[in-house]
Amino acid sequence: MVERKRIGIPEGVKVKESVGEEAEFPFDISPMYEGERIRKGDMFVELGGPTQPGFELVMALPVDQVEDMKVTLIGPDLDEMEEGKAYPYAMIYYIAGEMVETDLEPVIERRNHDFQNYIEGYMHLNQRYDIWIRIGKNAIKKGLKSLIQIAKATMMLYKNELPFIEKIEAVYITDKDLVEKLLNELAMPIFEERDARVEALSDEDVDEFYSCTLCQSFAPTNVCIVSPDRPSLCGAITWFDGRAAAKVDPEGPNRAVPKGECLDPIGGEYSGVNEFAKQESGGEYERIKLHSFFEYPHTSCGCFEVIGFYMPEVDGIGWVHRGYAEPAPNGLTFSTMAGQTGGGKQVVGFLGIGIAYFRSKKFIQADGGWYRVVWMPKELKERVAKYIPDDIRDKIATEEDAKTLDELKEFLKKVDHPVVKGVVRPVDGQKITNGWVEEEEEAEEAVEEVAAEAPAAQPAQPAAMQPMPMQMPGFQLSALQIPASSAAPAGVKLIIKDAKITIDKVIVRKAEKEKKGGK
Amino acid sequence: MTVIAVAGKGGTGKTLVSALLVNFISEHTTSVLAVDADPDSNLPEALGVEDQIKKTLGEIRELFQVSRDEMGTMNKEQWLEGKIYAEAICECPRYDLLVMGRPEGEGCYCFANSLLRGVLRRLMRHYDYIIIDTEAGLEHFSRKTIDSADYIIIVTDMSRKGLATAKRIKELAEELRLNFKKIFLIANKIASEDAERAIRKFVKEEGLELLAVLPYDTSVAELDLRGDPVSEIDKNSEVYRKMREVANLMLNLSVKAR
């Protein structure tokens, strides 16, 4: 971790200091100034921005190292700046308090944008190393003389709005060499470190997930749960975005969902999520597993970037993204599959996801993760290639390797894909599929059994499996196999070959132990 | 903040009306935002500032869609705001110009649009006047990228289609609950007294308020066809004089409303 310490002030630079609260400011401070745009013609000076280096940084320090309400300005102040020019700008805040931790730095840093925009005649844009500030001529006319006044106002807002900050100190820098040096040696390494921590953040590390109901107008029963290991299906919202939105508007489309008790660490099932799902879907769904493909999968809204589809013929999962117009090896296009899965349904055998979920360490981990993936379009595969484990990357076919199920079978056999001999899921080392050989034998038997009962079972087919309503619009499949629970295979497996099935609704329930064998 | 939405069928001259309003109103205050909300129109050309446009809002939204996975813990709303302020808002000498650009492509824009709405709302409230050149479907209003309009000016010519569109815009504006204070009509390219009488009858029937009747002016029509800026319109022409009156009326109305 990058060491957090006070910056050293080089010799020979101009330094101004001021300690204590300011009695009065020559500018208004109010949220109504948010969004105020200072036009080039109305601008006194520009700080940071497209032409000058700049950054903002919050560092948590021990209490004894922070001098409360002190401002140090290094470099020229406003009265030494030339109208219409741009200058380098760094804003560093040292903060301390019993509850202040390094992890809070980015959250606190983000508020600099809000608070500074409350200041009349001061425009703050962007974040981190992109900051761009404009100070209006009007502000100068009204009496703004020094950046120290800006720092004091910002610190005051910090302490008022975030009372857990016990001490705050600011160092503002307009000296070009020092801004550049600290940007490269201090700020960038801290930003990179933060991003690395985000990549490493897991569902286990947090107490709350966030919901998203932005697209409930299209998919009324959709319940998007955004967790550190599972971004939204549309790909737009990460756990961090959810947290930011929930803070601003706790009753808005992104609400906090307390995790509750972890019911299945591998599938990613939490009591809090289940309760939320039940409530938000109007009772339609009672359970959701975040990292499962086959068991209580996440609902699919219609906004998803990628759809996953199970291919029983190879006992593997394929993925196709919105931009791929050709049919996948199962003969269906993205839009056909999206049409039957979308609308906020929980459909076993299909799963909508955001592209960013491919990066997740928990990517469908209950069902073997990447080791169960057999096909994806080349464009999509290349986009996520670096997240695919080395030993499986070349075994996943693209349209260049296989366009049909037969070609796919050939390819998978040739590369010895795990599905051929059985997939061992990395998360706990359990073997979750049996591979092809065994299945083909079972298939023969099953086909005969089903053949006899099939006509009677046409309108609705009860089978001893999973307790979830499944809606399958009529479409033609050369062979359809409904997978049993991946963790504990159930007693019946249906394989229907060369059948044309039209079903409005199938309700499949798990047989209770005592009821096993029929009613 | 006074929002004036100028709508009408393509070819009726609504961009000409919008551009002239921007020119006249910005003589009084520079707190003016011109919005081109019609992908088929050419407000930047009519204002003569097309060279200054860097990006449309639509292009920024597309950029957001492809960049968002790499943003880490960066705040996406701040990212969008920064891009819009830096690249989509074109700083012209007397006003700012925002081009909405083409509608979204495939995929889900729920989140992007939800962020955009917030950014635009906070941006727009700081302008004294916002003049929006919008297509007849009022798409940006129905999507709530733009919240409300105080005054709606419908521009029509004598064509049956122009009038039918005018009628539809009025109905749509009422349905969308834009909370407008007044809805006006400007009749453009009116070549005869018969035509003017027909327009007056239409206005009465539809419960609109007639703001101006502009004659058919060959030099204006040619200028429009060439895509030249409206600033080149003859200052003594009837179109120019009448539009200045309209602008003054709008200025007075909004001062009174404040």
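Reading the values: rules and limits
Residues numbered from 1 in each chain as written. Chains lettered and ligands numbered in written order. Predicted model: local features only at pLDDT ≥ 70, side-chain atom pairs only at ≥ 80, totals over all residues. Helix = DSSP H or I, 4+ residues; strand = E, 2+ residues; numbered from the N terminus. Buried ≥ 20, exposed ≤ 12 C-beta atoms within 10 Å, placed from the backbone. Contact = placed C-beta atoms within 7 Å. Rg over C-alpha atoms; globule rule 2.2 N^0.38 Å. Core = buried A, V, L, I, M, F, W, Y, C linked by C-beta atoms within 7 Å. Domains from an automatic or database assignment. Pairing = 2+ DSSP bridges. Axes fitted to C-alpha atoms, helices over the stretch in contact; angles between N-to-C directions. Left-handed = near helix turned anticlockwise from the far one by under 90°. Nonpolar A, V, L, I, M, F, W, Y, C, P; charged D, E, K, R; others polar. pLDDT = per-residue confidence, 0-100.

## So, the overall build of chain A
- On a plain count of helices and strands, chain A comes out with 12 helices and 22 strands.
- Counting every position in chain A, which comprises 519 residues, the buried fraction comes to 45%.
- Counting contacts in chain A only where the partners sit at least 6 residues apart, residues at least 24 apart contribute 73% of the total.

## So, the overall build of chain B
- From N to C terminus, chain B includes 10 helices and eight strands.
- The C-alpha atoms of chain B give a radius of gyration of 18 Å, which matches the 18 Å a tight globule of 258 residues would have.
- Out of the 258 residues in chain B, the part that is buried amounts to 49%.
- Counted over contacts in chain B with a minimum sequence separation of 6, partners at least 24 positions apart contribute 81%.

## Things to note about the interface of chain A and chain B
- If you look at the interface, chain A gives 32 residues, while chain B gives 25 residues.
- Within the residue set of the side of chain A that touches chain B, elements represented by two or more residues are helix 1 (105-117), helix 4 (176-200) and helix 5 (239-248) of chain A.

## Concerning unusual backbone geometry
- Of note in the backbone geometry, isoleucine 364 of chain A takes a positive phi value of approximately 25° without being a glycine.
- Following the sequence through the fold, isoleucine 364 of chain A ends up in the loop between strand 17 (350-353) and strand 18 (373-375).
- The residue lysine 189 of chain B is not glycine, and still its phi comes out positive at about 60°.
- As for its placement among the helices and strands, lysine 189 of chain B is situated in strand 7 (residues 182-190).
- Taking the number of C-beta atoms within 10 Å as the measure of exposure, lysine 189 of chain B has 23 and is therefore buried.

## Comments concerning the nonpolar core
- Counting residues in hydrophobic clusters, the biggest one holds 220 residues, and the most contacted among them are Val374 of chain A together with Ile4, Ile131 and Ile153 of chain B.
- Looking at which element gives the most residues to this core, the answer is helix 5 (residues 110-124) of chain B, with nine residues.
- Of the residues that make up this core, three or more belong to each of domain 1 (15-200) and domain 2 (204-436) of chain A.
- Ignoring anything within four residues of it in the chain, the contact list for isoleucine 4 of chain B reads Leu21, Tyr129, Ile131, Ile132, Asp150, Tyr151, Ile153 and Met250 of chain B.

## Some points on the sheet that holds strand 4 (residues 96-99) of chain B
Residue and element names in this part refer to chain B.
- On the basis of which strands lie adjacent, the open sheet formed by eight strands has the order 3-4-2-5-1-6-7-8 and mixed pairing. Strand pairing shows two members of the sheet lacking a second neighbour, strand 3 (89-91) and strand 8 (209-215), which therefore form its edges. Pairwise comparison of adjacent strand axes, ignoring direction, gives a mean angle of 20° for this sheet.
- Inspection of the sheet shows strand 6 (residues 151-156) paired to strand 7 by six bridges, in the parallel sense.

## A word on the packing of helix 1 of chain A against helix 3 (residues 147-161) of chain A
Residue and element names in this part refer to chain A.
- The contact between helix 1 and helix 3 brings their axes to 9 Å, and the two run at 115°. Helix 1 and helix 3 meet at a crossing whose hand is right-handed. Between helix 1 and helix 3, the residues in contact are Arg111, Asn112, Phe115 and Gln116 and Thr154, Leu157 and Tyr158, respectively.
- Per-class residue counts for the contact of helix 1 with helix 3 are three nonpolar, three polar and one charged.

## Regarding the environment of tryptophan 436 of chain A
Residues and elements named next belong to chain A.
- Within the secondary structure, tryptophan 436 sits in helix 12 (residues 436-453).
- As a C-alpha pair, tryptophan 436 and valine 314 span 122 residues in sequence and 7.2 Å in three-dimensional space.
- Excluding its chain neighbours within four sequence positions, the residues that come into contact with tryptophan 436 are Asp315 and Val420.

## As for the sheet that holds strand 18 of chain A
Residue and element names in this part refer to chain A.
- Across the sheet, which stays open at both edges, the four strands sit in the order 17-15-16-18 with mixed pairing between neighbours. The sheet is open, and its two edges are formed by strand 17 and strand 18, each paired on a single side. For this sheet, the mean inter-axis angle between neighbouring strands, taken without regard to orientation, is 35°.
- Sheet topology note: the strand 15 (residues 306-311)/strand 17 ladder contains four bridges and is antiparallel. Residue pairing across strands places valine 306 opposite isoleucine 353, the latter belonging to strand 17.

## Quick notes on the pairing of strand 10 (residues 208-212) of chain A
All names here are of chain A.
- Within strand 10, four of the five residues are buried, which leaves it mostly tucked inside the rest of the structure.
- Where strand 10 lies against strand 12 (residues 256-258), three bridges are found, and the strand directions are antiparallel. Bridge pairing in strand 12 links glutamate 208 to proline 258.
- Across three bridges, the pairing between strand 10 and strand 11 (residues 224-226) is antiparallel. Of the residues in strand 11, the one forming a bridge with cysteine 212 is cysteine 224.

## Looking at the packing of helix 1 (residues 14-25) of chain B against helix 10 (residues 238-257) of chain B
Residues and elements named next belong to chain B.
- Their axes nearest at 9 Å, the elements helix 1 and helix 10 cross at an angle of 60°. As helix 1 packs across helix 10, the resulting crossing turns out to be right-handed. Touching Val17, Leu20, Leu21, Phe24 and Ile25 of helix 1 are Met243, Arg244, Ala247, Met250 and Leu251, all from helix 10.

## Points about the environment of proline 418 of chain A
Residues and elements named next belong to chain A.
- Along the chain, proline 418 falls in helix 11 (residues 418-421).
- As a C-alpha pair, proline 418 and glutamate 407 span 11 residues in sequence and 17 Å in three-dimensional space.
- Not counting chain neighbours up to four residues away, the residues in contact with proline 418 comprise Tyr371 and Val423.

## Some details on the confidence of the model for chain A
All names here are of chain A.
- For chain A, mean pLDDT is 86; residues scoring 70 or higher make up 85% of the total.
- A low-confidence stretch, residues 450-490 stays under pLDDT 50, and its non-local contacts, those more than four residues away or across chains, total 74 contacts.
- In this model residues 514-519 is a low-confidence stretch, pLDDT under 50, and it forms one contact with partners more than four residues away in sequence or in other chains.

## Some details on the confidence of the model for chain B
- Here chain B averages 91 in pLDDT, and 100% of its residues register 70 or above.
- For this predicted complex, the interface confidence comes out at an ipTM of 0.85, alongside a pTM of 0.78.

## With respect to the environment of aspartate 68 of chain A
Residue and element names in this part refer to chain A.
- Along the polypeptide, aspartate 68 turns up in the loop between strand 3 (54-60) and strand 4 (70-74).
- According to the C-beta neighbour criterion, aspartate 68 is partly exposed, with 17 such atoms within 10 Å.
- Taking the C-alpha atoms as reference points, aspartate 68 and glycine 342, 274 residues apart in sequence, are found 54 Å from one another.

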